[in-house]
Amino acid sequence: MRKFGGSAVWRWLQIPYRFLRNRVYYETLLYPYGAWRHRRLNKTALRSQDHSYTRFYRLPAQLEALSGPVLDFLGLGDSPDRVLRLLVFACSNGAEPYTVASELLRAHPGLGFSIQATDLHPSLIAKAREGLYGDGELVRNEFLTEERIAATFDREGQGWRVKTGIRDKVEFSQADLLDGTSCARLPPADIVFAQNVFFHFDPPLARAAFMNAAACLKTRSAFFINGMDLDLKIHLTRELGLAPLEFKHREIYEQSRLHLASDWWNYHYGSEPYSFLRRDRLRRYSSIFLKS
């Protein structure tokens, strides 16, 4: 006898079930409790700089913002006369800078650009320079499609090698975000990425790391800072006069939460669901800030 749990009816019923469980129960009814618990957790949580989690094509809406309104703001487009300089902190195994390079080459084939990617850990820098990844490191989903895999990688043995033209756009080096002199040796950049790293520091250290990364911004530039304490982000971006980019900011924020558990408040790297009740929601939930 065919199980009801495997029927099309059951699969259809899962849609309202997931909506009620996640959107209504966890993200609405438990929102005040979760926010309170998360604030308490962040005061006592043990942080670690050894934690690393990254994925290729993790935030496609953010990539769309990069190749669209961000380049428009910088006045570049496909200009062949100027080389766009990007700086990626905490690059981990290289997934983020290689994703950015692949997307820029696809969307703006005439754009001159270079990416300097840094990380604290030499082992991750070595992995990123090699540019070779196993099947388990290419998590296929609605964002990392077969078309994007084909555009970014060549099959090599049992793994996937980042295409030479993409690897040539990225240079890797070691740098410590908490070391101001280390960051000062890096040339100013048009776009700085420092994502999913600040929430691994206690608030005073997060502030220092944020300021060191922001010091690398050119006079007119863009700062990508997904993954940090939201109250601290509001405070620091206001202090530095950075303007949040409105373009698809909610979609980007919600994509950044897809890997989180429902009880997000039990993890220091957790982040609250998007709330329309927040008067400062644009600055609170944006991950891209503009300096001009």
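It should be noted that the structure appears before, not after, this text.
For clarity, every value in this text was computed on a predicted model and none was experimentally measured. Within any chain, residue numbers begin from 1 and follow the written order of that chain's sequence. Residue-level local features of this predicted model are given only where pLDDT is at least 70; pairs of side-chain atoms are given and counted only at 80 or more, and the full residue set underlies all totals for whole chains, interfaces and linings. By convention in this description, side-chain values take in all heavy atoms of the structure and omit both hydrogens and water.

### Overview of the overall build of the protein chain
- Secondary structure elements follow DSSP: runs of H or I of four or more residues count as helices, runs of E of two or more count as strands, with numbering from the N terminus. Counting its secondary structure elements, the protein chain contains 12 helices and 10 strands.
- In this scheme, a residue with accessible area under 20% of its type's maximum is buried, one over 50% is exposed, and one in between is partly exposed, where area comes from a 1.4 Å probe on protein chains only. Out of the 292 residues belonging to the protein chain, those deemed buried represent 50%.
- For the protein chain, long-range pairs separated by at least 24 residues make up 79% of all intrachain contacts whose partners lie at least 6 apart in sequence.
- Per-residue and other accessible areas follow the Shrake-Rupley method at a 1.4 Å probe size, with only the shown protein chains counted as cover for residues. On the protein chain, roughly 14,600 Å² of surface is accessible, and the fraction owed to carbon and sulfur atoms is 55%. By the convention used here, residues are in contact when the closest approach between their heavy atoms is within 4.5 Å.

### Observations concerning the sheet that holds strand E6 (residues 170-174)
- If DSSP finds at least two bridges between two strands, the strands pair. Sheet architecture is open: seven strands sit in the order E6-E2-E1-E7-E8-E10-E9, paired in mixed fashion. Looking at which strands have only one partner, the edges of the open sheet turn out to be E6 and strand E9 (243-244).
- Note: strand E1 (residues 83-89) against strand E7 (residues 189-194), four bridges, orientation parallel. From the neighbouring strand, Leu87 faces E7, where its bridge partner is Val192.
- Running over the sheet, helix H5 (residues 122-130) touches strand E2 (112-119) and E6 and is turned about 165° from E6. Fitting a line to C-alpha atoms yields each axis, with helices limited to the stretch in contact; the angle taken between N-to-C directions then spans 0 to 180 degrees.

### Brief notes about the pattern of salt bridges
- When a carboxyl oxygen of Asp or Glu lies within 4 Å of a side-chain nitrogen of Lys or Arg, that pair is called a salt bridge. Here the structure, examined in full by the defined rule, presents 13 salt bridges.
- Residue Lys248 pairs with Glu64 through a salt bridge whose shortest N-O separation is 2.8 Å. Of this pair, Lys248 sits in the loop between E9 and helix H11 (249-256) while Glu64 sits in helix H3 (residues 60-74), placing them 184 residues apart in sequence.
- The partner of Lys127 in a salt bridge is Glu137, with the nearest N and O atoms 3.2 Å apart. Taken together, the positions of Lys127 in helix H5 and Glu137 in the loop between strand E3 (132-134) and helix H6 (146-152) put the pair 10 residues apart, joining distant regions of the chain.
- What makes Lys127 partly exposed here is its relative accessible area of 22%.
- Judged by relative accessible area, which is 30%, Glu137 ranks as partly exposed.
- A single salt-bridge network, built from bridges that share partners, covers Asp231, Glu272, Arg278 and Arg284.

### Re the state of the cysteines
- In this description, a disulfide is simply a cysteine sulfur pair whose atoms lie within 2.5 Å. For the coordinates displayed, the defined rule picks out zero disulfides.
- Cysteine Cys183 is unpaired, with the sulfur of Cys216 as its nearest cysteine sulfur at 5.4 Å.
- According to the relative accessible area criterion, Cys183 is buried, its value standing at 3%.

### Quick word on the packing of aromatic side chains
- Each Phe, Tyr or Trp ring, with Trp reduced to its six-membered ring, pairs with another whose centre is within 6.5 Å; inter-plane angles below 30 degrees give stacked pairs, above 60 give edge-to-face pairs, and intermediate values give tilted ones. The final tally for this structure, using the stated rule, is 15 aromatic pairs.
- Considering the side-chain rings of Tyr33 and Trp265, the 5.6 Å spacing of their centres and the 80° angle between planes classify their relative orientation as edge-to-face. With Tyr33 in helix H2 (residues 31-44) and Trp265 in the loop between H11 and helix H12 (281-285), this residue pair connects regions lying 232 residues apart in the sequence.
- Tyr33 sits in the partly exposed class, given a relative accessible area of 36%.
- Look at Trp265 and you get buried, because its relative accessible area is 6%.
- An angle of 70° between the planes, with centres 5.4 Å apart, marks the rings of Tyr98 and Phe172 as edge-to-face. Taken as a pair, Tyr98 in helix H4 (residues 95-107) and Phe172 in strand E6 lie far apart in primary sequence, 74 residues in all.
- Its relative accessible area of 5% is what places Phe172 among the buried residues.
- Aromatic rings pair up to connect Tyr33, Trp36, Trp264 and Trp265 into one cluster.

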